[in-house]
Amino acid sequence: MRLVFGIAAAIALTFLALPVLAIFLRVSPATLIRELGDPVARDALVVSLRTSAVAQALVVTFGTPTAYLLATRRSRGHTVLLTLIELPLVLPPAVAGVGLLAAFGRTGLLSTSIPFTQVAVVLAITFVSAPFFVRTAVAAFEGIDPTLIAAARTLGASRWRVFARVALPLAAGGLAAGLALSFARGLGEFGATIMFAGSLQRVTQTLSLAIYAEFARSFDVALAIGALLVAFSFILLLVVKWLSFGWTSPFRSAASSSA
């Protein structure tokens, strides 16, 4: 039995690790670093960091109070609201892009000129990455001992003061982990962005879109950008694991919170 499980685990780990290792083994580190100096890679990095920073600022600003409200208030429509927030997690990227165009396109519900601008990139990243932060933040706030909140209220603290001085510090680890997951998801966004924002160098072409654009022109540049994203993702996942100690996983509490 142990041998069978060991073989199965070895096959699974090899399959998952091989494509990642191949990116770094396909060309030398010196070549990867040199190719990252390509104008396409540099421009895509700037666009990605700029738009991701703005998107995550929006996610934190609006997602934190939303998560606190969902964690501390129970209503008849709570499950429906939580499901709507989680829906982008399972939506095909193409559907997300079409939905953004239908909402913000020139002929959409709001009839704006946002598509194919950097604002469109920000909205696409925000749409696909926000659920990672909000769902994790909900679990972090739900993990706070309610007696601490009640004690603060008994001592005369206002709801805002309880949120700012008690809930936020206690949930800080979970919020930071959720932000790291959200940032990682946004940095790798492709489908919704290319449909809603296009792939214009120096304007809307992010790192993921640059890989697609460079795939036929220079495979080494595509590999270099891919290696950069792998390194980013690996570091962010390590940060998430480090921050995750001491707070409740959103997936572990999903069943109880959705009941």
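Owing to the predicted nature of the structure, the values given are computational and were not obtained by experimental measurement.

Draft legend 1. Main features of the overall build of the chain. A tally of regular secondary structure across the chain gives 12 helices and 0 strands. Each helix (α) and strand (β) of the chain, taken in turn from the N terminus, gives the series α-α-α-α-α-α-α-α-α-α-α-α. When its C-alpha atoms are laid out on the principal axes, the chain stretches across 65 × 60 × 30 Å. Out of the 259 residues belonging to the chain, those deemed buried represent 39%. Of the roughly 14400 Å² of accessible surface on the chain, a fraction of 73% belongs to carbon and sulfur atoms. The averaged location of the 9 negative side-chain charges in the chain is 12 Å from the averaged location of its 19 positive side-chain charges.

Draft legend 2. Region of the structure containing the packing of aromatic side chains. Taken as a whole, this structure holds 7 aromatic pairs when the rule is applied. Summarising the aromatic geometry, the rings of Y68 and F141 are spaced 5.1 Å apart at their centres and angled 80° between planes, so their arrangement reads as edge-to-face. Residue Y68 is found in helix α3 (residues 39-72), and its partner F141 is found in helix α6 (residues 118-142); the two are separated by 73 residues along the sequence. On the basis of relative accessibility, which here comes to 17%, the residue Y68 falls in the buried class. Classification of F141 as buried rests on a relative accessible area of 5%. Taking the centre distance of 5.8 Å and the plane angle of 85° together, the rings of F215 and F219 count as edge-to-face.

Draft legend 3. Local environment of the environment of T72. In this fold, T72 is placed in helix α3. Separated by 69 residues in sequence, T72 and F141 have C-alpha atoms that sit 7.8 Å apart. A polar side-chain atom of T72 sits 2.7 Å from the main-chain carbonyl oxygen of Y68.

Draft legend 4. Molecular detail of unusual backbone geometry. A positive phi angle, close to 65°, is found at F116, a residue other than glycine. Position of F116 relative to the elements: it lies in the loop between α5 (93-104) and α6. Owing to a relative accessible area of 44%, F116 belongs among the partly exposed residues under this scheme. One non-glycine residue, R202, adopts positive backbone phi at about 70°. Its location among the elements puts R202 in the loop between α9 (191-196) and α10 (207-214).

Basis of the calculations
- Residues numbered from 1 in each chain as written.
- Predicted model: local features only at pLDDT ≥ 70, side-chain atom pairs only at ≥ 80, totals over all residues.
- Heavy atoms only, no water.
- Helix = DSSP H or I, 4+ residues; strand = E, 2+ residues; numbered from the N terminus.
- Buried < 20%, exposed > 50% of the residue type's maximum accessible area, 1.4 Å probe, protein only.
- Areas by Shrake-Rupley, 256 points an atom, 1.4 Å probe, with all protein chains shown as cover.
- Lys, Arg positive; Asp, Glu negative; His and termini not counted.
- Charge placed at Lys NZ, Arg CZ, Asp CG, Glu CD.
- Phe/Tyr/Trp six-rings, centres within 6.5 Å; stacked < 30°, edge-to-face > 60°.
- Polar contact = N/O pair within 3.5 Å; in protein donor to acceptor, adjacent residues only side chain to side chain.

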